[in-house]
Amino acid sequence: GAGRSAGLGAAGGGVWVLATMVHTQREGLGERTAGLVAAIAEEDLDAVDRLLADDVLLLASPDRLGMAARDFTRSGPSMNKQAILNKIDSALHGSYRFVEPRVLELQTSLDGDRIARTQVRVRVVVETYGAPHRSWWRLDWRRELDGQWLVYGIQPMQIEGFGP
């Protein structure tokens, strides 16, 4: 009767409340990805540093990016954490200051308990040129022993205007 209906209603309401309170790993990774994009655009190297694993590598493939790959990795096919931070610092304090950063699209894949990937399409305006610039990036994430997700791999997948 009425008591049973009220009980079912309360249980259903409890499930709804729990469902709205659960913060999924995918959502968390999406927020961390957007946070990394924002930290780079805002030149917040401390925030970028906190999101990158100590053993992070940026791999730029000439097969995908052509000449642009050399712009990323002048000394070889990859960059370590310190080189990534130096590149961000020099680029953003030079002629590549970003304004109006936007995440246009985000895809997240959980590949295991401790491994995940995000692909993010970013739009920025380079202040010097005033025109929007779009690019796709793949971020490989690893959940550390303390539960924190950190980027251990970065690949520029497509940069508008550059190609093989």
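**Points about the confidence of the model for the chain**
So, step 1. For the chain, mean pLDDT is 81; residues scoring 70 or higher make up 71% of the total.
So, step 2. Element-level pLDDT for the chain is lowest in helix 5 (residues 67-72), with a mean of 52, against a maximum mean of 97 in helix 3 (residues 45-51).

**So, the pattern of salt bridges**
Think of it this way: side chains of opposite charge can pair up when their charged atoms draw near.
So, step 1. Within the structure shown, the criterion is met by seven salt bridges.
So, step 2. Among the salt bridges present, the one from Glu100 reaches Arg123, with a minimum N-O distance of 3.9 Å. Linking Glu100 in strand 3 (residues 98-110) with Arg123 in strand 4 (residues 115-126), this pair joins segments that are 23 residues apart in sequence.
So, step 3. Residue classification places Glu100 among the partly exposed positions, given a relative accessible area of 44%.
So, step 4. Assessed through its relative accessible area of 15%, Arg123 is described here as buried.
So, step 5. A salt bridge links Arg138 to Asp140; the nearest nitrogen and oxygen atoms lie 2.7 Å apart.

Cut-off values and rules
Residues numbered from 1 in each chain as written. Predicted model: local features only at pLDDT ≥ 70, side-chain atom pairs only at ≥ 80, totals over all residues. Heavy atoms only, no water. pLDDT = per-residue confidence, 0-100. Helix = DSSP H or I, 4+ residues; strand = E, 2+ residues; numbered from the N terminus. Salt bridge = Lys/Arg side-chain N within 4 Å of Asp/Glu carboxyl O. Buried < 20%, exposed > 50% of the residue type's maximum accessible area, 1.4 Å probe, protein only.

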